[in-house]
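Descriptive analysis of the structure
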Number of protein chains: 2
Amino acid sequence: MKALLIDNSKEKPEMIPGEVPTPEPGEYELLVKIEATALNRADLLQKSGNYPPPEGASTILGLEMAGVVEETGPEVTRYDKGDEVFGLLPGGGYAEYCVIHEKMAMHIPENLSFEEAAAIPEVFLTAFQALKMLGNIKKNETVLIHAGASGVGTAAIQLANKVFNCRVITTAGRDEKLETCLKLGAELAINYKKQDFSKVIEKEAGPKSVDLIIDFVGAPYWENNIAILTMDGRLIYLSMLGGTGVENMNLLPILRKRLTIKGSTLRNRPAEYKMNLTSDFHSYAMDHIEEGIIRPVIHQVFDWHDVEQAHQMIKNNENTGKIILTGM
Amino acid sequence: MKALLIDNSKEKPEMIPGEVPTPEPGEYELLVKIEATALNRADLLQKSGNYPPPEGASTILGLEMAGVVEETGPEVTRYDKGDEVFGLLPGGGYAEYCVIHEKMAMHIPENLSFEEAAAIPEVFLTAFQALKMLGNIKKNETVLIHAGASGVGTAAIQLANKVFNCRVITTAGRDEKLETCLKLGAELAINYKKQDFSKVIEKEAGPKSVDLIIDFVGAPYWENNIAILTMDGRLIYLSMLGGTGVENMNLLPILRKRLTIKGSTLRNRPAEYKMNLTSDFHSYAMDHIEEGIIRPVIHQVFDWHDVEQAHQMIKNNENTGKIILTGM
């Protein structure tokens, strides 16, 4: 089958088209003809050799896909040949075919294209994990979502607002990104380059008014995050793109405000965890997706031959929402 | 009724015997003739004016008691006059009588004296909250309990080892305290004054080998605590007696190891939380207490007139286990 492979022969690694054996579905697996895959920042790290795939996973990039079931393993009960499915992958999305455990796959709702379906798994499951499993989100809470226009950010805003009926506050660095956040359901969108987010929140929502924070920034936001959290507040780290070193940290608010601080990535979780997560996400959010209340945010669709251009866009942090590859 | 009151007329506040009105039981409350109460570090803070009681609570010191039901409110169904009960109080233990919601009270098992029963609520419920509710302890994990010879420490060692079948590692500052920890079920007890606990654990149990830490020390242990935690490890703060300021903290392990860091006190939790906690503790641990597998650790029993001497003992950190007051 065709696949995009990493060419390490030049100074910087590059993606090049190649041929590899088509995978064979295991007992509980589906062989899927991929119609669309979506890009993730992790792809760039893996390309540069800094983020090896988990044991047993395909070494081909690509953490999610949408496509058509081509063949089913002997124990598969939920899907048939010809079904349109999408789901999370441990790797292998930048290819013509992939295999996926039937419990990791979801039926594509009628109102979604392959491109839209491919834009869902990684960001929505990551956001759902952060809000529900890690953040223990409860109805009507106030939730602060940093990097609100990122892929996970756009998913988290919608899930927090539409599924959990929460008041959502978000930060982003460009005015058009703030607009997107407001359209998706945020009540307040703060340009972190122009304003101190904690001061704006304190003024608009009150001091210590945030129940749950989803952060991707890390050290630079530590102090303001901790300050704005209320009693029993939770701070969830999905990334620390702004750095990890905090000078002169004060632990006392953790005790005084009974805070919870957690970090997590999704990729290195065991398969069983991801199956449960997929199932939970499905039961909480799929009806909202089918009704068009929640929609994936797509920045641009690229032909798979233009993958380098697409990678560059992510590297430059130019995208609001997901970047899709099609035409494998 | 008789009660110990705070005398602020001298340079340092002192406890003095006094007379106050006997409380009246509410609809769901018991009036209990107190036979024994136990001391807590919080008592000293409250005495010095630094730890005001929660709203609605008695201003009399004393967070736990054991005694005999003298009268029951009209809606009480679980207890009768003459029943021997013990339980957590939001205040009011240093007195002849107290009132307690029936859902906060527990029957005293036959094998326990009033002194022993009074030694249970605060430390065992605090330890249970930390291990189970906050720390999500699972069977066969490795648990590090700092200040293992403290009241909460002795309770946590026993609960972790006897109820949850965990491997318990503990720290303390004196050799006789280490002995106590080992007798209670710790597999490894480290004198933190003589050895770096994280190096000992690394040597004895392996690097990154601890699933759950219960800490009372705070900043001085931060780095070593984080270092010794394994994937999905949890660090629970019940106090930060050693300080709260950490210089040059690195957040990265929180993300990499998917850590959870939480802080909590028990006292300022709402009554409903404490009722649920009492009920959960009862169902998990009471059979172990009735069978004598878990026992409260009592350092010394004082007559209530010697309360100042008893307070001094806590202040000097001399006790291994609880200090009890009787004879009100």
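First things first, this report covers the structure right here in the doc. (Residues numbered from 1 in each chain as written. Chains lettered and ligands numbered in written order. Predicted model: local features only at pLDDT ≥ 70, side-chain atom pairs only at ≥ 80, totals over all residues.)

**What about the overall build of chain A?**
Quick note on the threshold: The secondary structure listing takes helices from DSSP runs of H or I that are at least 4 residues long and strands from runs of E that are at least 2 residues long, numbered from the N terminus. Within these notes, the globule rule equals 2.2 Å times the number of residues to the 0.38 power, and the radius of gyration is based on C-alpha atoms. Exposure classification rests on a simple neighbour count of other C-beta atoms within 10 Å of a residue's own: a residue reaching 20 or more is buried, one at 12 or fewer is exposed, and one in between is partly exposed. C-beta atoms are placed from the backbone. What counts as a contact here is a pair of residues whose C-beta atoms, placed from the backbone, lie within 7 Å.
In terms of helices and strands, chain A carries 10 helices and 17 strands. On C-alpha atoms alone, chain A measures out to a radius of gyration of 20 Å, which is about the 20 Å that the 2.2 N^0.38 rule sets for 328 residues. By its C-alpha atoms, chain A is 55 × 45 × 35 Å across when sized along the principal axes. Taken across its 328 residues, chain A has 51% of its residues classed as buried. Long-range pairs, those at least 24 residues apart, make up 68% of the contacts in chain A with a sequence separation of at least 6.

**Focus: the nonpolar core**
To keep things clear, this is the line we draw: Each nonpolar core consists of buried Ala, Val, Leu, Ile, Met, Phe, Trp, Tyr and Cys residues. Their C-beta atoms, within 7 Å, join them into a set.
Core analysis: the biggest nonpolar cluster contains 212 residues, and A:Ala156 and B:Ala156 have the highest contact counts within it. Among residues more than four places away in sequence, those in contact with B:Ala156 are B:Ala127, B:Ala130, B:Leu131, B:Ile145 and B:Ile214.

**Focus: the relation of the copies chain A and chain B**
Superposing the two chain copies requires a rotation about an axis and a translation along that axis. Threshold: The least-squares superposition of copies is restricted to C-alpha atoms, and to residues with a pLDDT of at least 70 in both copies.
Here chain A sits on chain B after a turn of 180° about the axis and a move of 0.0 Å along it, with an RMSD of 0.0 Å. Each copy turns onto its partner about a two-fold axis. Most of the interface of chain A is mirrored in chain B, where 100% of its interface residues again form contacts.

**Some details on the packing of helix 3 (residues 121-134) of chain A against helix 9 (residues 271-290) of chain A**
Residue and element names in this part refer to chain A. Stated formally: Here, axes are lines fitted to C-alpha atoms. For helices the fit covers the stretch in contact, and angles between N-to-C directions go from 0 to 180 degrees. Oblique is the label for any angle not covered by the other classes, which are roughly parallel (under 35 degrees), roughly antiparallel (over 145) and roughly perpendicular (65 to 115). Any residue outside Ala, Val, Leu, Ile, Met, Phe, Trp, Tyr, Cys, Pro, Asp, Glu, Lys and Arg is labelled polar, Gly included; the first ten of those are nonpolar and the last four are charged.
Where helix 3 meets helix 9, the axes come as close as 10 Å, and the angle between the chain directions of the two elements is 85°. Considering their axes alone, helix 3 and helix 9 lie roughly perpendicular with respect to each other. For the pair formed by helix 3 and helix 9, the contact residues are Phe-124, Leu-125, Phe-128, Gln-129, Lys-132 and Met-133 on the first element and Leu-277, Thr-278, Asp-280, Phe-281 and Ala-285 on the second. Partitioning the contact of helix 3 with helix 9 into residue classes produces seven nonpolar, two polar and two charged.

**Observations concerning helix 10 (residues 307-315) of chain A**
All names here are of chain A. For clarity, the cut-off: Each C-beta atom gives one direction from the helix axis, and the arc is the one those directions make.
Looking only at helix 10, the buried set comprises Val-307, Ala-310 and His-311. Along helix 10, the residues classed as buried sweep out an arc of 100° about the axis, all on the same side. The exposed set on the far side of helix 10, more than 90 degrees from its buried face, consists of Gln-309 and Gln-312. Turning to helix 10, the residues buried within the fold contact strand 1 (2-7), strand 2 (14-19), helix 1 (41-47), strand 16 (298-303) and strand 17 (322-326). Following helix 10 by one or two positions, Asn-317 has its phi on the positive side, about 60°.

**Notes on the interface of chain A and chain B**
With 24 residues of chain A at the interface, the matching set in chain B holds 24 residues. Mapped onto the side of chain A that touches chain B, the elements with two or more residues apiece are strand 13 (245-246), strand 14 (249-250), helix 8 (252-256) and strand 15 (260-263) of chain A. If one sorts the elements of the side of chain A that touches chain B by residue count, strand 15 of chain A sits on top with four residues. Partitioned by chemical class, the residues of the side of chain A that touches chain B number 12 nonpolar, nine polar and three charged.

Geometry only, nothing functional implied.
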